[in-house]
Amino acid sequence: MKIDTATKAEYLELIKIWESSVRATHDFLSDENISSLKPLILEHYFDAVDLRVAKNDSKTIAGFIGVADCNVEMLFISPDYRNKGVGSLLLKNAIENQSANKVDVNEQNPDAVGFYKHLGFSVIGRSPLDGQGNPFPLIHMALTDT
């Protein structure tokens, strides 16, 4: 896998990965929630982060990560590449090259909480609402100094 900076030309592919990943991992979100988030991510959120992609030898995008102000704002892996080390590769690269040291994780996504804990993050707080004010609690995590 190779990590590259994402281009606008890749956004449509990234939003497909985002949606398939969300449908596989965020079962607490309704179709309406996903439909309302999709244009925001495509038209605003991708441009608001330092966006990197992981590509295989065939240049297929396996996943992506977006970082802003040292915070991992998004990390999504194509379901075809889940549990194959792509998320770890992207996160480690973000820590080393994008100064990532914080993340907010949906409480209803315990696998994600476990993933970040496994890679050195600790819980530092909780909010009852997500960034859009919806009742999806967030777990605030930070990289533990080792």
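Structure's up top.
Remember, predicted model here, so these are calculated numbers, not experimental data.

A. Region of the structure containing the overall build of the protein chain. Counting its regular elements, the protein chain contains four helices and seven strands. Reading the secondary structure of the protein chain in the N-to-C direction produces β-α-α-β-β-β-α-β-α-β-β. Once the C-alpha set of the protein chain is aligned to its principal axes, its extents read approximately 40 × 40 × 25 Å. The buried share of the protein chain, reckoned over its 146 residues, is 47%. Considering the protein chain, the positive charge centre built from 14 side chains and the negative charge centre built from 20 side chains are found 5 Å apart.

B. Geometry of the packing of aromatic side chains. Using the criterion set out here, one finds six aromatic pairs in the structure. Measuring from centroid to centroid gives 6.4 Å for W18 and F76, while their planes differ by 75 degrees, and the two rings are edge-to-face. Pair noted here: W18 is in helix α1 (residues 11-25) and F76 is in strand β4 (residues 71-77), with a separation of 58 residues, a long-range link. Pair check on accessibility: W18 and F76 agree, each one buried.

C. Representation of unusual backbone geometry within the structure. Backbone geometry places K59, a non-glycine residue, at a positive phi of 70 degrees. Along the polypeptide, K59 turns up in the loop between β2 (50-55) and β3 (61-68). On the basis of relative accessible area, K59 is assigned to the exposed category, the value being 60%. Phi is positive for S99, which is not a glycine, with a value near 60 degrees. Topologically, S99 is positioned in the loop between α3 (86-97) and β5 (102-106). Take S99: its relative accessible area is 44%, and that puts it in the partly exposed class.

D. Fine view of the pattern of salt bridges. What the rule picks out here adds up to nine salt bridges. In this structure, the salt-bridge partner of K55 is D4, at a minimum N-O distance of 3.9 Å. Note that K55 is positioned in strand β2 and D4 in strand β1 (residues 2-5), a separation of 51 residues in sequence. For D50, the salt bridge identified is with R52, shortest N-O distance 2.9 Å.

Reading guide: rules and limits
- Residues numbered from 1 in each chain as written.
- Predicted model: local features only at pLDDT ≥ 70, side-chain atom pairs only at ≥ 80, totals over all residues.
- Heavy atoms only, no water.
- Helix = DSSP H or I, 4+ residues; strand = E, 2+ residues; numbered from the N terminus.
- Buried < 20%, exposed > 50% of the residue type's maximum accessible area, 1.4 Å probe, protein only.
- Lys, Arg positive; Asp, Glu negative; His and termini not counted.
- Charge placed at Lys NZ, Arg CZ, Asp CG, Glu CD.
- Phe/Tyr/Trp six-rings, centres within 6.5 Å; stacked < 30°, edge-to-face > 60°.
- Salt bridge = Lys/Arg side-chain N within 4 Å of Asp/Glu carboxyl O.

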